[in-house]
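Listed here are the chains, written in short residue letters.
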Amino acid sequence: MTKTTQHNARGGTPPPAIALSGISKTFGAVRANDDIALTVTPGHIHGIVGENGAGKSTLVSILYGFYQADSGDIAINGQKVQIKSTADAIKLGIGMVHQHFMLVPTFTVLENIILGHEHRKGGKSLDDEIALARQELSNLAQQYGLEVDFDALVADLSVGLQQRVEILKTLYRGANILILDEPTGVLTPQETDQLFEILATLRQQGVTVLLITHKLREIMAITDDVSVMRGGKMVAHLTTAKTSPEELAELMVGRQVLINADFHDAEKGEVCLVADNITLTGDGGIPLLRGISFDLRAGEILGVAGVSGNGQTELLEVLSGITPPTSGEINIGGQVIGAHQPATPNDVKNLGLAHVPEDRHAMGMVLPFSAAESAVLGYERQAALGDSIWFGPDLLQNHCAELMQDYDIRPADPALKCNLFSGGNQQKLVLAREMSAAPKILLVGQPTRGVDIGAIEFIYQRLIAMRDQGCAILLVSVELDEILTLSDRVMVMNNGASMGIVDKKDADAQSIGLMMAGVV
Amino acid sequence: MEGLWLQFLLTIDATLRVATPLILCAMAGIFSERSGIIDISLEGKMLMSAFAAASVAAVTGQPWLALLVAIGVSVFLSLIHGFACITHRGNQVVSGLAINILASGLTVTLGIAFFAQGGQTPFLKGDQRFSPITLPFADTLRDIPFLGPIYAEVISGHNIIVWIALLAVVVTSLVMMRTRFGLRLRAVGEKPEAVDTAGISVVLMRYQAVLIAGVLCGIAGAYLSIAHGAGFVREMTAGKGYIALAAMIFGNWRPLQALYACLMFGFLDAVAARVQGLELPLIGEVSSDLILALPYVLTVIFLAGFIGRATPPASIGVPYVKER
């Protein structure tokens, strides 16, 4: 378990457990990691924070040999190394607990742990090996407080216990550097506390822990050092004791070039949507939404701010009828939707609600379809498209051509496949489809994710124009500046709960940042 | 009474003969599918190796050499399947279907080109093929009432490949459940990510699995043309690869249960041959077609969840791609 390095023998300060420099990795056109440097002190719990898509997972995948960096150097315990495969990483004493567990559900705990390392104890047969492993594992389990029934089927274990098996697995394989990728995403608060106790024990025993998360509370609670990533770059290295959640939140979200959106106050109309104490419980009893209440008026934009993964996605799914809430109800113009009065997305649409989903590729369009086909998805039964069972001649093409002109979608070719448009133009196509239905209520998720500046400005103007025409807009975005620019009121979400709703005049990055961090 | 008992034993004997290629192919299917690779090309591999075995035996007169060549041909087809499905992550059903179609056409074409007998290979005689092995004392013990015929008719008088098939079940079962290789193989069909992150190559594991499947199908093919039969006849597999697949599913991808399913399907086949035209009281004339259809009907019922529950390996049919 303990490896003495040459440096230790010489007596000076031990070399860093992990030292990365100049690590870059590109996927297609996306620069997932850009010149990353990182130094991790042995025996510390080192946190890496950043939003989804900041490049954290790519970085640790490189460290664990899943991908190879395009350039850059890795040194483990002071030795410069090449990590070409997962097997290399394991040999170097690196263990990883993945966000999605790497366990075979139909195997026992013991079988899962020895998988791939069945020769470690030198048993003659598999049965011998399992018996020998059992001995060592019960010692390990005791030493680190990781008790679990070795003969249970993994499928029968709770998520928290499965994670324990994952940690045990890495220790059995001789890891003294442990990487945890978003370990608490699937845990209940109690299980999270237990995990932190385990991590503290590991630190005590000299194990170096690299904790990847986007939850600031966890960073503050357990880490010694913290590094912040944003947009594929490492933006800061801090000592946890000397920083604050506010500072981290600001570093994570960053400041963007301000875009001229020509925002002006407008007259608010009547209430069109009331959300009353909505809760949603996920698999295994994990609370995803905790009692969200708000009302949404005609002619206003209600911004929903928050670090991604704090319930915004789930909120959109509940409001749009994709997922029924566990409790609470939604009132859309007198029509009540709740756990016992479920509605389909189509029902909700018929109530005058349109939805621009966060992930346009997964939910907004069908990429192999032509633009004309994607432009009618969900509205294919509209009278405007003809009321016979056939689409009228060139109807789809003409319909799409109109949208393309209205929303300045380029190239203006309705027959072109969706995946051949740029991100900005794909987004405009989805927006055009939903907005042209003239909804009373518009839900918009991440309208400018992966969209170029020019298109962003256009989208902002369109959203404000919709509002001025009396549409009620709920805008979910992880870009704080976007929220502050466009919203009449801002609701801040943290850990599935609303931290409060702030009027535009009282909303500034500082106060919103505090709420996003869950401090206020 | 004595006569009825003998009839029954002869049916059991026939069951074993009919079930042998099913058993070998079902074991092949288990290796392949437990690793996550769907193998509907059992049929094609068996057909192609049946042709190869019969051709080599006809030309050289060496059954063992013929068996070896049959295995080689089947392994080659397995590698094509692997190249398409593992290396290039192609659709496993389409690849398997392609191999079946290829085998169906190529065997006849080559058969006509080689032997000019309308796609058949020359009739094999004597020691050009694997002949039945009469166990010691079979004739002496035959006269012992009741038990004697079991030994003489059911146990004795099978060719070597029947025994290989039964051995294959034992070996498959042990390899799957009691060896390190088996553990990894089962893991790779359930959750390849877990194997990959443990530092083992998913690709290599799956190639090994389809290779073993190739060997077993090769033996099954050789059995048809140079042990059970005496030469190759076009389309001589006649859907046995698919029945083996059904037996494997019926056996829930487990060797012993698959063996039972193969024996049951073999038994139905043997019975169907014997009741042809037979008049039974109350029922009337028994339709052998109906009995022959039973394996498929039973499999469909099984898959629909009426008898037990089929639980295929979780990652079957899904090409492994490292996620981003």
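Below you will find a few notes about this structure. This structure is a prediction, so every number in the text was calculated from the model and none was measured. (Residues numbered from 1 in each chain as written. Chains lettered and ligands numbered in written order. Predicted model: local features only at pLDDT ≥ 70, side-chain atom pairs only at ≥ 80, totals over all residues. Heavy atoms only, no water.)

What follows concerns the packing of aromatic side chains. Enumeration according to the criterion identifies nine aromatic pairs over all chains in this entry. Between Phe27(A) and Tyr67(A), the ring centres sit 5.3 Å apart and the planes meet at 75°, which makes this aromatic pair edge-to-face. Of this pair, Phe27(A) sits in strand S1 (residues 18–27) while Tyr67(A) is found in the loop between helix H2 (56–63) and strand S4 (71–76), placing the two residues 40 residues apart along the sequence. A single burial state applies to Phe27(A) and to Tyr67(A), both of which are buried. Put simply, the rings of Phe51(B), Phe114(B), Phe115(B) and Phe232(B) pair up and form one aromatic cluster. Positioned above the aromatic ring of Tyr407(A), the side-chain terminus of Arg462(A) is 4.3 Å from the ring centre. (Phe/Tyr/Trp six-rings, centres within 6.5 Å; stacked < 30°, edge-to-face > 60°. Helix = DSSP H or I, 4+ residues; strand = E, 2+ residues; numbered from the N terminus. Buried < 20%, exposed > 50% of the residue type's maximum accessible area, 1.4 Å probe, protein only. Lys NZ or Arg CZ within 6 Å of the ring centre and 35° of its normal.)

Residues and elements named next belong to chain A. The six strands are arranged S16-S17-S18-S13-S19-S20 in an open sheet whose pairing can be described as mixed. Looking at strand neighbours, the two that pair on one side only are strand S16 (353–356) and strand S20 (497–503), the edges of this open sheet. The sheet shows a mean angle of 15° between the axes of neighbouring strands, direction not considered. As judged from the six bridges shared by strand S19 (residues 489–494) and S20, these two strands associate in the antiparallel manner. (Pairing = 2+ DSSP bridges. Axes fitted to C-alpha atoms, helices over the stretch in contact; angles between N-to-C directions.)

The next point concerns the packing of helix H7 (residues 160–178) of chain B against helix H10 (residues 202–228) of chain B. Residue and element names in this part refer to chain B. Viewed as axis vectors pointing N to C, H7 and H10 meet at an angle of 155°, and their least axial separation amounts to 10 Å. In terms of orientation, H7 lies roughly antiparallel with respect to H10. Crossing of H7 over H10 shows left-handed handedness. Contacts from Ile161, Val162, Ile164 and Ala168 in H7 reach Leu216, Ile219, Ala222, Tyr223 and Ala227 in H10. For the contact of H7 with H10, a count of residues per class yields nine nonpolar, no polar and no charged. (Parallel < 35°, antiparallel > 145°, perpendicular 65-115°, else oblique. Left-handed = near helix turned anticlockwise from the far one by under 90°. Contact = heavy atoms within 4.5 Å. Nonpolar A, V, L, I, M, F, W, Y, C, P; charged D, E, K, R; others polar.)

All names here are of chain B. It is the contact of helix H8 (residues 180–190) with H10, at a shortest axis distance of 10 Å, that shows an interaxial angle of 105°. By the criterion of interaxial angle, the relationship of H8 to H10 is roughly perpendicular. Where H8 approaches H10, its residues Phe181, Arg184, Leu185 and Val188 are matched on the opposing element by Val202, Met205, Arg206, Gln208, Ala209 and Ile212.

As a further point, take the pairing of strand S9 (residues 225–230) of chain A. Residues and elements named next belong to chain A. Of all the six residues making up S9, five are buried; the element is thus mostly covered by neighbouring parts of the structure. Where strand S3 (residues 45–49) meets S9, four bridges bridge the pair, whose relative direction is parallel. Its bridge partner lying in S9, His46 is registered against Asp225. Where S9 lies against strand S10 (residues 233–239), six bridges are found, and the strand directions are antiparallel.

Attention now goes to a nonpolar patch on the surface. Judged by side-chain polarity, Leu97(B), Ile101(B), Tyr242(B) and Tyr296(B) come together as a nonpolar surface patch covering roughly 390 Å² of accessible area. Topologically, Tyr296(B) is positioned in helix H13 (residues 288–303). (Patch = residues over 30% accessible without salt bridge, like charges linked within 9 Å, V, L, I, M, F, W, Y side chains within 5 Å. Areas by Shrake-Rupley, 256 points an atom, 1.4 Å probe, with all protein chains shown as cover. Salt bridge = Lys/Arg side-chain N within 4 Å of Asp/Glu carboxyl O.)

With that out of the way, let us pick up helix H9 (residues 245–253) of chain A. Here H9(A) has its buried residues at Pro245(A), Leu248(A), Ala249(A), Leu251(A), Met252(A) and Val253(A). Next to the buried residues of H9(A) lie S3, helix H8 (216–222), S9, S10, helix H17 (480–486) and helix H18 (509–516) of chain A.

In this section: the environment of Gly450(A). Residue and element names in this part refer to chain A. Within the secondary structure, Gly450 is located in the loop between strand S17 (441–445) and helix H16 (453–468). Sequence separation between Gly450 and Gly423 is 27 residues, and the spatial gap between their C-alpha atoms is 6.0 Å. Residue contacts for Gly450: discarding those within four places in its chain leaves Arg360, Gly423 and Gly424.

In terms of nonpolar packing, the biggest core is built from 160 residues, with Ile167(A), Leu199(A) and Leu202(A) touching the most fellow members. Sorting elements by how many residues they give to this core places H10(B) first, with 13 residues. Those residues within four positions of Ile167(A) in sequence are excluded, and the remaining contacts are Val97(A), Leu146(A), Leu178(A), Leu180(A), Leu195(A), Ile198(A) and Leu202(A). Formed by 61 residues, the second largest nonpolar core is a distinct cluster that contains Val49(A), Val253(A), Ile301(A) and Leu475(A). (Core = buried A, V, L, I, M, F, W, Y, C linked by side-chain atoms within 4.5 Å.)

Residue-level contacts link 29 residues of chain A with 22 residues of chain B. When the two sides are added together, the surface that chain A and chain B hide from each other amounts to roughly 2300 Å², 59% of it contributed by carbon and sulfur. Looking only at chain A, the three residues that lose the most surface to chain B are Phe66(A), Met102(A) and Leu126(A), adding up to 25% of its buried area. At the junction of chain A and chain B, the tally comes to three salt bridges. The closest approach of N and O atoms between Asp127(A) and Arg178(B), which form a salt bridge, is 2.7 Å. At the junction of chain A and chain B, the tally comes to 11 residue pairs in polar contact (both at pLDDT 80 or more). Where the side of chain A that touches chain B is concerned, the elements lending two or more residues are helix H3 (86–91), helix H4 (109–114) and helix H5 (126–144) of chain A. Taken together, the residues of the side of chain A that touches chain B sort by class into 14 nonpolar, nine polar and six charged. (Buried area = accessible area lost by both parts, 1.4 Å probe. Polar contact = N/O pair within 3.5 Å; in protein donor to acceptor, adjacent residues only side chain to side chain.)

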